[in-house]
Amino acid sequence: MTRYLVGRLLGLVTVLFVTSLVVFGSLHLAPGDPVSFLLHGRPATPEAVSALRSQYHLDDPLPVQYAKWLGGVLGGDLGRSAQFHQDVTALIGSRLPGTALLVGYAALLVAVLGVSGGVLAALRPGLPDRAVLIGTGVATATPSFVTAIALVSLFSVRLGWFPGPGGTPAGFSDRLYHLTLPAFALALTFAGMLARVTRSAMLDELGREHVEVAHARGVAPWTVVRKHVLRGALGPVVTVGGTMLAGLLISTSIVETAFDVPGLGSLLVQSVTAKDFAVVQAVTLLSVAAFVLVNLAVDLLAPLIDPRLSLHGEGSS
């Protein structure tokens, strides 16, 4: 276990390092100049432009800029945002709760809709199964931004049940109310995928010998499902669900931008547009770290849920 954890943590450090290099290089190779954004299109003297470039170390060679940034990160300093004029750590700290609440809300919807839909499809062949397959097919094929537009058009503009993009929530319950449509827009694609995984895992367990023996012994059908089928199917469902949770973190940028949610995703989009190097680097590394850590947690949980699995993803002999 210790060797496994050390190996995964070293892998996390390597992934973060490579990611930082790729993002840093991509931002500097992209067209545009951050100084133009800082000036907001206003004319400026060569001295003013030179002062801005010197303030943000834009005239240093790329290896020097990267080394300075990396040294600051290792020392706990993520840098300063060029567009918001504040420390990146404080900026991320102010946006992180909104994204965490949105992802948590969406993850709950994914779990409820995905697992219940998959169980219904597996236990009710025929029309319910076909309906779930069609519904999940549409959900997985529809991009999040299209789902967002459809939800706003129907439930906000036409029916008026939920607020549209923007607005200032008052209190926690009102905040959840404002996040309902964004959470559904973020969750539907992943819920469709999880429903299909759940259905497949359930059907696989329903065909196993010990389930057939339990039925032959006269055990109540729901008891067989609860104690044998669901328990056996839980392993792959949790494994895939954990990966989807990490995917939710990455997908927030589209939904937060569409619904004007002040979170890390919308912050990342704004920062890429403005070529705000420090913010893009920090948010990207945080997202990658969260992705890897969630997958690590799932790998550690999987053998506890299903003893047939090992830490290396292999069935026990």
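Located above this text is the structure these notes cover.
Residues numbered from 1 in each chain as written. Predicted model: local features only at pLDDT ≥ 70, side-chain atom pairs only at ≥ 80, totals over all residues. Heavy atoms only, no water.

Q: Mind showing me how you'd approach the overall build of the chain here?
A: When helices and strands are tallied, the chain shows twelve helices and zero strands. The secondary structure elements of the chain, listed N-terminal to C-terminal, are α-α-α-α-α-α-α-α-α-α-α-α. Of all intrachain contacts in the chain linking residues separated by at least 6 positions in sequence, the fraction that spans at least 24 positions is 73%. Accessible surface, the chain: about 16900 Å² in total, of which carbon and sulfur atoms supply 68%. (Helix = DSSP H or I, 4+ residues; strand = E, 2+ residues; numbered from the N terminus. Contact = heavy atoms within 4.5 Å. Areas by Shrake-Rupley, 256 points an atom, 1.4 Å probe, with all protein chains shown as cover.)

Q: Would you mind showing me how to read the packing of aromatic side chains here?
A: Within a pair of aromatic rings, the relevant descriptors are the distance that separates the centres and the angle that separates the planes. Scanning all chains against the criterion turns up four aromatic pairs. Centre to centre, the rings of Phe 17 and Tyr 66 are 6.4 Å apart; their planes meet at 70°, and the pair counts as edge-to-face. You can see Phe 17 sitting in helix H1 (residues 2-29) and its partner Tyr 66 sitting in helix H4 (residues 62-74), a full 49 residues away along the chain. Residues Phe 162 and Tyr 177 carry aromatic rings whose centres are separated by 5.5 Å and whose planes lie at 35° to one another, so their mutual orientation is tilted. Taken as a pair, Phe 162 in the loop between helix H7 (144-158) and helix H8 (172-206) and Tyr 177 in helix H8 lie far apart in primary sequence, 15 residues in all. Among the residues examined, Phe 162 registers a relative accessible area of 21% and is labelled partly exposed. (Phe/Tyr/Trp six-rings, centres within 6.5 Å; stacked < 30°, edge-to-face > 60°. Buried < 20%, exposed > 50% of the residue type's maximum accessible area, 1.4 Å probe, protein only.)

Q: When you look at helix H6 (residues 127-141) in this model, what are you seeing that I'm missing?
A: Note on helix geometry: an α-helix contains 3.6 residues per turn, so any two residues three or four positions apart are oriented the same way. The end-to-end C-alpha separation of H6 is 21 Å, in line with the 21 Å expected for 15 residues at 1.5 Å each. Inspection of H6 places Asp 129, Val 132, Thr 136 and Ala 139 among the buried residues, and these make up the whole buried set. On an axial view of H6, the arc spanned by its buried residues comes to 95°, and they lie on one face. Exposed positions of H6 whose direction lies more than 90 degrees from the buried face are Leu 127, Ile 134, Val 138 and Ala 141. Looking at the buried residues of H6, the elements they touch are helix H5 (88-123) and H8. (Expected span 1.5 Å × (residues − 1). Arc of directions from axis to C-beta.)

Q: Sorry, what's going on with the packing of H8 against helix H10 (residues 221-259) here?
A: The geometry of H8 relative to H10 is characterised by a closest axis approach of 8 Å and an angle of 160° between their N-to-C directions. In terms of their interaxial angle, H8 and H10 are classed as roughly antiparallel. You can see that H8 and H10 cross each other, and the crossing is right-handed. In the contact of H8 with H10, the residues fall into 22 nonpolar, seven polar and one charged. (Axes fitted to C-alpha atoms, helices over the stretch in contact; angles between N-to-C directions. Parallel < 35°, antiparallel > 145°, perpendicular 65-115°, else oblique. Left-handed = near helix turned anticlockwise from the far one by under 90°. Nonpolar A, V, L, I, M, F, W, Y, C, P; charged D, E, K, R; others polar.)

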